[in-house]
Amino acid sequence: QVQLVEAGGGVVQPGGSLRLSCAASGFTRVCFSTYDMNWYRQAPWKERELVAASTSASGRTTYADSMKGRFTISRDNAKNTVYLQMNNLKPEDTAVYYCNAAIRSLDYDYWGQGTQVTVSS
């Protein structure tokens, strides 16, 4: 069973930075590098939304419009880890951030437990 463990959340002032990490383990049939790795977030009373995605096949990264230029997703396949560098944080970035590993064609979809990010002065 694939397990994802996020870390790096916390409280930061507006304009500050945080780096989230997601360590993955438990790969038996398909290795980490084959998975699309994604970061989602969910703010109170809002639906979960995609923040950033790292596609395994092409290496392409995509971002939600409000995160472009501020957030960067990266992955280290040797360490089975994906990162989310968040700069110039805003109060509206406050949410629980979730790591997701997916291979849609195989219906593989795994989630971490989430890490809280709070942006407040």
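Before reading further, recall that the structure is shown in the block above.
Notes on the structure follow. This is a predicted model, so every value here is computed, not measured.

## Let's talk about the pairing of strand 11 (residues 115-119)
Thinking step 1. Here strand 11 shows a buried face lined by T115, V117 and V119 and an unburied face lined by Q116 and T118.
Thinking step 2. With three bridges joining them, strand 2 (residues 10-12) and strand 11 adopt parallel strand pairing. If you follow V11 over to strand 11, its bridge partner there is T118.
Thinking step 3. By the bridge criterion, three bridges tie strand 9 (residues 95-103) to strand 11 in an arrangement that is antiparallel.

## Comments concerning the pattern of salt bridges
Thinking step 1. On inspection of all chains with the given rule, the structure shows five salt bridges.
Thinking step 2. Among the salt bridges present, the one from R41 reaches E49, with a minimum N-O distance of 2.7 Å.
Thinking step 3. Looking at R41, the relative accessible area reads 7%, which means it is buried.
Thinking step 4. Here D109 and R104 are joined by a salt bridge, their closest N and O atoms 3.4 Å apart.

## Here's the deal with the sheet that holds strand 8 (residues 81-86)
Thinking step 1. With antiparallel pairing, four strands are arranged side by side in an open sheet as 1-3-8-7. Single-partner strands in this sheet number two, and they are strand 1 (3-7) and strand 7 (71-76). Across this sheet, the average inter-strand angle for adjacent strands is 15°, counted without regard to direction.

## Some remarks on the nonpolar core
The nonpolar side chains of soluble globular proteins are, as a tendency, buried together.
Thinking step 1. Counting residues in hydrophobic clusters, the biggest one holds 33 residues, and the most contacted among them are L4, Y35, W39, L84, M86 and Y97.
Thinking step 2. Contributions of two or more residues to this core are made by strand 3 (18-25), strand 4 (36-42), strand 5 (49-54), strand 7, strand 8, strand 9, strand 10 (108-111) and strand 11.
Thinking step 3. For this core, the element with the highest residue contribution is strand 9, accounting for five residues.
Thinking step 4. Discounting residues that sit within four places of it in the chain, L84 has contacts with L18, R19, L20, W39, V51, A52, F71, T72, I73 and Y97.

## Considering the state of the cysteines
Thinking step 1. For the coordinates displayed, the defined rule picks out one disulfide.
Thinking step 2. The disulfide partner of C22 is C99, and the S-S distance across this bridge is 2.1 Å. Taking the sign of the S-S torsion, about -80° here, the bridge from C22 to C99 comes out left-handed. Here C22 is found in strand 3, whereas its partner C99 is found in strand 9, with 77 residues between them in sequence.

Calculation notes
- Residues numbered from 1 in each chain as written.
- Predicted model: local features only at pLDDT ≥ 70, side-chain atom pairs only at ≥ 80, totals over all residues.
- Heavy atoms only, no water.
- Buried < 20%, exposed > 50% of the residue type's maximum accessible area, 1.4 Å probe, protein only.
- Helix = DSSP H or I, 4+ residues; strand = E, 2+ residues; numbered from the N terminus.
- Pairing = 2+ DSSP bridges.
- Salt bridge = Lys/Arg side-chain N within 4 Å of Asp/Glu carboxyl O.
- Axes fitted to C-alpha atoms, helices over the stretch in contact; angles between N-to-C directions.
- Core = buried A, V, L, I, M, F, W, Y, C linked by side-chain atoms within 4.5 Å.
- Contact = heavy atoms within 4.5 Å.
- Disulfide = S-S within 2.5 Å.

Note that every value here comes from positions in space, so none of it alone points to a role or purpose.
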